[in-house]
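Notes for the structure review
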Amino acid sequence: MNKVFAAITVFAFCIFSLSAYAEAKKVSDMSEDEITAALNTQRDDKDALYLYRALLYAKEGNFEAAYADIASSFILNPSNGYAYSTAAYIYLLAGDHRKVVECAEKEIELLPNVPEGYGYKGMSLLFLIADSQGSVKEKALQSIQAFSRAMELDSDSTRGYYWRGRAEILMGGEEYLDLALADFRKDIQYNPQSYKGYYNAAAILVHKEKYKEAVKMLSQSLAIKPDFLDALYLRADCGLFVGTAAEVEKDCATYISLAKTGKYTRLGTNQPALCPSETYELAMIHTIRAVVYRMEHKFEESIADLSEAIRLQPEIGTLYGVRRSVYESAADQTKKASLKRKYLKLARRDDQMAKRLNAGKAKSEESILQGIKIGENLLPTLLETAGKGGMIK
């Protein structure tokens, strides 16, 4: 409930419509008890009273009572578009996105020139991406169209650039990624504290292998939100291409420290998902640092990180292959015959494990040895699992 509400509070398409409607009715400042008392009197604004009480119930988490009041308001005034706007907001609080879309479409039918309905529809379509009814691209395209119309009607609704960008990512293909990048740049321009806007722009730039610009975006994101794990992960990843060993090690260490405390910021599982599962991602952070340690000939530190990555993700054969290569490098560097034999024995063991786990799989450890590239790992995950939650974001 709190996560859903938090997502809504940053959404620019708010419910000013009902406030404007109810101001004339003189009920906007009434308490729940006052509204209940007023409903027992003879008044001509009971439809508004029910709507406001429904809103108060919803903010308390009493959605059953809220739904009952919404129904009562519709009975009294079935053609009030603002009532559907309020109902859409309440269903958004409750996480019932099918009902949000239903109410938003009714609001659009009754109030085609009011932006809120389009905004609610666009957002909830993103939440419904994982729904089996309709394709990802179909819903994403409808979401793009809804946000575009909302911003046409209200030029101040600049947060729509961010959400439209998220929908454009889901369409896939370079053309839509270019449109998404343009929208995230607009979001940053109008909302300079949009750490998620910086992050999403960076994710696309990494896909395009524009690592230096991506790192600048990620640094901006982290300046705003230093505990943002997604940005730390991606900047550490980029660091393998354009950063220094010290910078990558610092980002990895910060990520690991924050992950242990459990106190950090993520894109959120109640939003369309963008990042890998946390266990997988933590394993990759250890792997990224292990690659850097290997470059510095810090073999024991590299082996320790890879062993932790394997503990977290024991079924990924690639990790055993990477650790094997570190054992071999360590064997080449050591002058102690006993230590060389030990490393080579461990390397053979990991080689066998990697072959067993990778049997029938085309992917080898080379993708990790050359860097944990976003184009190979994060973006396809985004396109394939968007909306299912549990990843990101």
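Look above for the structure.
Residues numbered from 1 in each chain as written. Predicted model: local features only at pLDDT ≥ 70, side-chain atom pairs only at ≥ 80, totals over all residues. Heavy atoms only, no water.

A few words now on the overall build of the protein chain. Helix and strand counts for the protein chain come out as 21 helices and 0 strands. A sequence separation of at least 24 residues applies to 64% of the contacts in the protein chain between residues at least 6 apart. (Helix = DSSP H or I, 4+ residues; strand = E, 2+ residues; numbered from the N terminus. Contact = heavy atoms within 4.5 Å.)

On to the environment of Glu116. Along the chain, the position of Glu116 falls in helix H8 (residues 115-127). In this structure the C-alpha to C-alpha distance between Glu116 and Tyr89, which are 27 residues apart in sequence, comes to 9.4 Å.

Our focus in this paragraph is the packing of helix H4 (residues 46-60) against helix H6 (residues 81-94). The contact between H4 and H6 brings their axes to 10 Å, and the two run at 10°. Between H4 and H6, the interaxial angle falls into the category roughly parallel. Contacts between H4 and H6 involve Leu51, Ala54, Leu55, Ala58 and Lys59 on the former and, on the latter, Ala83, Thr86, Tyr89, Ile90 and Leu93. (Axes fitted to C-alpha atoms, helices over the stretch in contact; angles between N-to-C directions. Parallel < 35°, antiparallel > 145°, perpendicular 65-115°, else oblique.)

This next bit is on unusual backbone geometry. A positive phi angle is found at Glu209, which is not glycine, with a value near 65°. Secondary-structure assignment places Glu209 in the loop between helix H12 (195-207) and helix H13 (211-224). In the Ramachandran plot, His297 falls in the positive-phi region, its phi being about 60° despite a non-glycine side chain. Turning to its location among the elements, His297 is positioned in the loop between helix H16 (278-295) and helix H17 (299-312).

In the structure shown here, the tally under the stated rule is 23 salt bridges. Lys208 is the salt-bridge partner of Asp178, the closest N and O atoms lying 2.6 Å from each other. Taken together, the positions of Asp178 in helix H11 (residues 174-190) and Lys208 in the loop between H12 and H13 put the pair 30 residues apart, joining distant regions of the chain. One salt bridge in this structure joins Asp350 and Arg323, with 2.6 Å as the shortest N-O distance. Here Arg323 lies in helix H18 (residues 317-333) and Asp350 lies in helix H19 (residues 337-358), a separation of 27 residues in the sequence. Judged by relative accessible area, which is 1%, Asp350 ranks as buried. Via salt bridges that share partners, Arg324, Glu328, Asp351 and Lys355 belong to a single interconnected network. (Salt bridge = Lys/Arg side-chain N within 4 Å of Asp/Glu carboxyl O. Buried < 20%, exposed > 50% of the residue type's maximum accessible area, 1.4 Å probe, protein only.)

With that out of the way, let us pick up the environment of Ser329. Note on placement: Ser329 falls in helix H18. The spacing of Ser329 and Arg294 is 35 residues in sequence and 8.2 Å in space, taken between C-alpha atoms. Discounting residues that sit within four places of it in the chain, Ser329 has contacts with Arg294 and Phe299.

Turning our attention to H8. Here H8 is 13 residues long and its end C-alpha atoms lie 19 Å apart, about the 18 Å a rise of 1.5 Å per residue gives. The buried fraction of H8 is high, at 13 of 13 residues. (Expected span 1.5 Å × (residues − 1).)

The next thing to look at is helix H3 (residues 32-39). Those residues of H3 lying buried are Ile35, Ala38 and Leu39. Projected down its long axis, H3 shows its buried positions confined to an angular sector of 100°, all on one face. Its buried side turned inward, H3 meets H4. (Arc of directions from axis to C-beta.)

The residue Pro78 is located in the loop between helix H5 (63-76) and H6 in this model. For the pair Pro78 and Asp47, spaced 31 residues apart in sequence, the C-alpha to C-alpha distance is 9.4 Å. In this view, Pro78 contacts Tyr84 and Leu110; residues no more than four positions away in its chain are not counted.

Further remarks concern the packing of aromatic side chains. Considering all chains together, one arrives at 10 aromatic pairs under this definition. A network of ring pairs unites the aromatic residues Phe63, Tyr67 and Tyr91 as a single cluster. Here the guanidinium or amino end of Arg159 rests over the ring plane of Tyr162, the centre of that ring lying 4.3 Å away. (Phe/Tyr/Trp six-rings, centres within 6.5 Å; stacked < 30°, edge-to-face > 60°. Lys NZ or Arg CZ within 6 Å of the ring centre and 35° of its normal.)

So, about the side chain of Thr265. For Thr265, the location among the structural elements is in the loop between helix H15 (245-261) and H16. At a separation of 2.9 Å, a polar atom in the side chain of Thr265 contacts the side chain of Asp227. (Polar contact = N/O pair within 3.5 Å; in protein donor to acceptor, adjacent residues only side chain to side chain.)

Turning our eyes to something else, we now look at the side chain of Lys121. Relative to the elements of secondary structure, Lys121 occurs in helix H8. Judged by relative accessible area, which is 17%, Lys121 ranks as buried. Not counting chain neighbours up to four residues away, the residues in contact with Lys121 comprise Val101, Ala104, Glu105, Ile108 and Ala146.

Now for the packing of H16 against H17. At a minimum axis distance of 8 Å, the contact between H16 and H17 shows a crossing angle of 165°. Regarding the angle of H16 to H17, the classification is roughly antiparallel. Viewed along their axes, H16 and H17 form a crossing whose handedness is left-handed. Listed contacts from H17 to Thr279, Leu282, Ala283, His286, Thr287, Arg289, Ala290, Tyr293 and Arg294 of H16 are Phe299, Glu301, Ser302, Asp305, Leu306, Glu308, Ala309 and Leu312. For the contact of H16 with H17, the class distribution of residues is 8 nonpolar, 4 polar and 5 charged. (Left-handed = near helix turned anticlockwise from the far one by under 90°. Nonpolar A, V, L, I, M, F, W, Y, C, P; charged D, E, K, R; others polar.)

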